[in-house]
Amino acid sequence: MKNILLVDGNSIMNRAFYALMNAGMFRAQDGTYTNAIYGFLNIYFKAIEEYSPEYIAVAFDKGKKTLRHKSYTEYKAGRSKMPDELREQMPIIKEILEEM
């Protein structure tokens, strides 16, 4: 039987970003924030080590209104806007995953 690892990219990025904020905001030499990237990759590689998947898929939110918003007007109503420090890391993690 083949193992497939499905990853909710936005959830892991948020989890990593906020979990590592207490340790301070990590930055690259050019000033780019990297704490969510670092945390995401740690979680990602740990899952690979633990489950040994043959296939991996990482999905991210579209960043726009979807069917869920139309069906349920309160969907994500209580969530605050994504911080810029996290937003700037999203395209970087997507690029890293694409290269992998």
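Scoring rules and cut-offs
- Residues numbered from 1 in each chain as written.
- Predicted model: local features only at pLDDT ≥ 70, side-chain atom pairs only at ≥ 80, totals over all residues.
- Heavy atoms only, no water.
- Core = buried A, V, L, I, M, F, W, Y, C linked by side-chain atoms within 4.5 Å.
- Buried < 20%, exposed > 50% of the residue type's maximum accessible area, 1.4 Å probe, protein only.
- Helix = DSSP H or I, 4+ residues; strand = E, 2+ residues; numbered from the N terminus.
- Contact = heavy atoms within 4.5 Å.
- Axes fitted to C-alpha atoms, helices over the stretch in contact; angles between N-to-C directions.
- Left-handed = near helix turned anticlockwise from the far one by under 90°.
- Nonpolar A, V, L, I, M, F, W, Y, C, P; charged D, E, K, R; others polar.

Asker: In this structure, what is going on with the nonpolar core? I would like to understand it.
Answerer: The nonpolar side chains of a soluble globular protein tend to be buried with one another. With 15 residues, the main nonpolar core has Met13, Phe40, Leu86 and Ile93 as its most contacted residues. Contributions of two or more residues to this core are made by β1 (4–8), α1 (9–21), α2 (35–51) and α5 (90–99). If one sorts the elements of this core by residue count, α2 sits on top with six residues. Once you skip the residues sitting within four places of it in the chain, Ile93 turns out to touch Met13, Ile37, Phe40, Leu41 and Phe60.

Asker: How should I be thinking about the packing of α2 against α5 in this particular structure?
Answerer: Packed helices, taken two at a time, are described by the angle their axes make and the gap between the axes. It is at 10 Å that the axes of α2 and α5 come closest, and there the two elements cross at 35 degrees. Between α2 and α5 lies a crossing whose hand is right-handed. Between α2, through Ile37, Phe40, Leu41 and Tyr44, and α5, the contact on the second element is made entirely by Ile92, Ile93, Ile96 and Leu97. When its residues are assigned to classes, the contact of α2 with α5 shows eight nonpolar, no polar and no charged.

Read these as layout, nothing more, since geometry by itself doesn't imply function.
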